[in-house]
Structures are given as structure tokens and as C-alpha cells.
Amino acid sequence: MAKVRRQIQRQQREDPAVEARRIARIRKKHADLIKEQEALSRWMTRLKRAFHKVEKLQERIARMERQLADLEDRT
């Protein structure tokens, strides 16, 4: 038995106006993505700075509490 030959299926070209709108939408989405990535980068910088400040304050408070407990135990 002979095999059936496969047909190559190609996408049909869209109307140039539809294609132009699609390309414009892709460019807008790409610009929005870049804008959001930059905003995230700025927030991550602030978040890291705040996180490290909180860590330092927690260490400082813990050290002060230990020192105070030692002084209270001695008396």
C-alpha cells in the first residue's frame, strides 16, 4: 500500500493592517516590560538596603539585651 504524502501546512499571511497592529502591540508590551523591570530593580535596591539595616538593628538590640541581662545578673 502506498503511503499518503504529507502536505506542508503554512500559516496564511494576515492583513497588513492586522500585522501592523500586532507588531505595535508587541513593541508596547516590550516597552512596558522594560519599564517594570527597571522599577523592580529600583525597589530591590531599596529593599536590600532596608533589610540590611533591620539586620544590623536586630543584632544591636540583641547585644544590648545580653549586656543588660549580664549587668542585672551581677547585682
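Residues numbered from 1 in each chain as written. Predicted model: local features only at pLDDT ≥ 70, side-chain atom pairs only at ≥ 80, totals over all residues. Heavy atoms only, no water.

Side note on the overall build of the protein chain
Across its full length, the protein chain carries 1 helix and 0 strands. For the protein chain, whose C-alpha radius of gyration is 32 Å, the value lies well above the compact-globule estimate of 11 Å for 75 residues. Its C-alpha atoms give the protein chain principal-axis dimensions of roughly 100 × 45 × 10 Å. For the protein chain, the accessible area works out to roughly 8500 Å², and carbon and sulfur atoms hold 54% of it. (Helix = DSSP H or I, 4+ residues; strand = E, 2+ residues; numbered from the N terminus. Rg over C-alpha atoms; globule rule 2.2 N^0.38 Å. Areas by Shrake-Rupley, 256 points an atom, 1.4 Å probe, with all protein chains shown as cover.)

Some details on the pattern of salt bridges
The final tally for this structure, using the stated rule, is 2 salt bridges. The salt bridge involving Glu 19 is made with Arg 22; its shortest N-O contact spans 2.8 Å. Of this pair, Glu 19 and Arg 22 both sit in helix H1 (residues 16–74), 3 residues apart, which is roughly one turn of that helix. Looking at Glu 19, the relative accessible area reads 26%, which means it is partly exposed. (Salt bridge = Lys/Arg side-chain N within 4 Å of Asp/Glu carboxyl O. Buried < 20%, exposed > 50% of the residue type's maximum accessible area, 1.4 Å probe, protein only.)

Honestly, that's just the spatial picture; any functional story needs more than this.
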